[in-house]
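Listed here are the chains, written in short residue letters.
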Amino acid sequence: MSTAIVVGGGIGGLATAVGLARRGWSVEVFERAAEIAEVGSGISLWSNALRALDAIGVGGEVRAQAVEDASAGIRDPRGRWLARTDVATLRARYGAPVVIHRAALLEILRSALPDDAVRPGISVTAAGADGSVVHSAGESSADLVVGADGLRSVVRQAVCGEVAARYAGYTAWRAVVELPGKLTEFGETWGRGARFGIAPLADGRVYCFAVYNAPEHSAGTFAEVRARFAGWHHPIPELLAAADPDTVLHNDIYDIPALPSFVAGRIALIGDAAHAMTPNLGQGGCQALEDAVVLARLAAEPGGLSRYDRERRPRTRMIAARSARIGTIGQLSAAPLVTLRDTALRLTPASVPLRALGEILDWTC
Ligand SMILES: Cc1cc2nc3c(=O)[nH]c(=O)nc-3n(C[C@H](O)[C@H](O)[C@H](O)COP(=O)(O)OP(=O)(O)OC[C@H]3O[C@@H](n4cnc5c(N)ncnc54)[C@H](O)[C@@H]3O)c2cc1C
């Protein structure tokens, strides 16, 4: 039986482990956190990701615990629509995206693995192209080592040396909030150098995020976030007022430059370790899920890792570049440019962004 060590028990690592285990591999997942859990955030999964989850046998369960992300479009801070999403066409052409709590997604993936496959509390310090892994509990080796250890991957060093993460110039706060009334309209709001997003969750709570330009490591406090969005349209101030500052998540936003390769010897990189991207398209996790399926399909074939690299690198590079461009436009802060952007958004027919999404969403395994 072929053996695999997956470094990192995030979305990508767990999905790869499920895909490999279903194909008869013996898999161990080393996760440095003491337990696999993620609080305070939802995640959008587009139709490409749902197809990937179907391919590893958990799509039905994810849909059962998710809710359709009927994002209505983009507004300005006063609540006037800049762009409306053609939800009916999106749904008919590609399948609707869904939102799920991250903790629920991780639990579905973990439960699809044998109980002893995940080993929490083990931190990997080095990996070798020969399949060796050095970690806090000793040393191990396997036929395949999957580097699924995120933005600041240790495994990546064995594939392409030190790669510095690039700060995008903006910072993000995420919260899961309970509001007394039921919200019916979801979507994003774009202001000057700041954006806000609202999405439903299956249990009636709301997942929201606030993004704004700031120097690296200087986002301020959650009280400052509330003050910054205080004048924005309903229900943004109410959502921020209801959010519990102890459970909100804060991240400066980074990506990594395009790597020369995702593979070296017995190592394959997936997810953020391979192509950490800005979250503007909601595709980082979706691409990790696509990686997982493609890697599980190809890993046992002769030359399979090179094919994995050829299949995944150009696609993820294209999506990361697009995501960065949307971030640049969304975070514009000079008043004349914002006016120009908002006018362009108002004048663009809803079919244009939908067509552009096509080559991302119509992915099949
Ligand atoms: C604000 C924000 C919003 C986002 N929204 C979306 C969205 O709506 N849709 C979407 O698809 N994507 C979204 N993303 C992107 C998405 O979160 C990531 O792309 C995704 O989590 C990547 O999964 P991963 O498994 O590759 O890495 P991670 O989720 O980073 O998991 C890596 C795991 O490896 C572990 N680890 C790290 N180092 C080691 C080590 N040395 N030894 C052992 N374990 C280690 C970590 O503890 C972690 O559990 C968003 C990102 C941000 C920041």
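Please refer to the structure placed before this passage.
Colleague: Account for the sheet that holds strand E12 (residues 144–147), naming residues and giving values.
Modeller: Here six strands make up an open sheet; going across it, the order is E8-E2-E1-E12-E19-E18 and the pairing mixed. Where the open sheet ends on each side, the last strands, each with one partner, are strand E8 (118–120) and strand E18 (263–264). Sheet analysis places E18 next to strand E19 (residues 267–269), joined by two bridges and oriented antiparallel. Note that in E19 the partner of valine 263 across the bridge is alanine 268. Contacts between helix H1 (residues 11–22) and the sheet are confined to strand E1 (3–7), strand E2 (26–31) and E12, with E2 contributing the most and set at about 170 degrees to the helix.

Colleague: Outline the site of the ligand, listing residues and values.
Modeller: Looking at the ligand, there are 33 residues lining it, with Gly8, Gly10, Gly150, Gly271 and Gly284 nearest. Elements with a minimum of two residues in the shell around the ligand: H1, E2, strand E3 (42–45), strand E13 (166–177), helix H9 (271–275) and helix H10 (284–298). Per-element accounting of the shell around the ligand gives the leading share, four residues, to H10. Each residue belonging to the shell around the ligand can be placed in one class, and the counts come to 14 nonpolar, 14 polar and five charged.

Colleague: Would you mind going over the nonpolar core in detail, with residue names and values included?
Modeller: Counting residues in hydrophobic clusters, the biggest one holds 107 residues, and the most contacted among them are Val7, Val146, Val155, Ala268, Ile270, Leu289 and Ala292. Top element by residues in this core is H10. It accounts for eight residues.

Colleague: I'd like to hear about H1, residue by residue, with values.
Modeller: With 12 residues, H1 should reach 16 Å at 1.5 Å per residue; the first-to-last C-alpha distance of 17 Å fits that figure. With 10 of 12 residues buried, H1 lies mostly within the body of the structure. All buried positions along H1 are accounted for by Ile11, Gly12, Gly13, Leu14, Ala15, Thr16, Ala17, Val18, Gly19 and Leu20. Contacts made by the buried residues of H1 are with E1, E2, helix H5 (102–111), E12, H9 and H10. Just past H1, the residue glycine 24 takes up positive phi, approximately 95 degrees.

Rules of the game
Residues numbered from 1 in each chain as written. Predicted model: local features only at pLDDT ≥ 70, side-chain atom pairs only at ≥ 80, totals over all residues. Pairing = 2+ DSSP bridges. Helix = DSSP H or I, 4+ residues; strand = E, 2+ residues; numbered from the N terminus. Contact = placed C-beta atoms within 7 Å. Axes fitted to C-alpha atoms, helices over the stretch in contact; angles between N-to-C directions. Near = placed C-beta within 6 Å. Nonpolar A, V, L, I, M, F, W, Y, C, P; charged D, E, K, R; others polar. Core = buried A, V, L, I, M, F, W, Y, C linked by C-beta atoms within 7 Å. Buried ≥ 20, exposed ≤ 12 C-beta atoms within 10 Å, placed from the backbone. Expected span 1.5 Å × (residues − 1).

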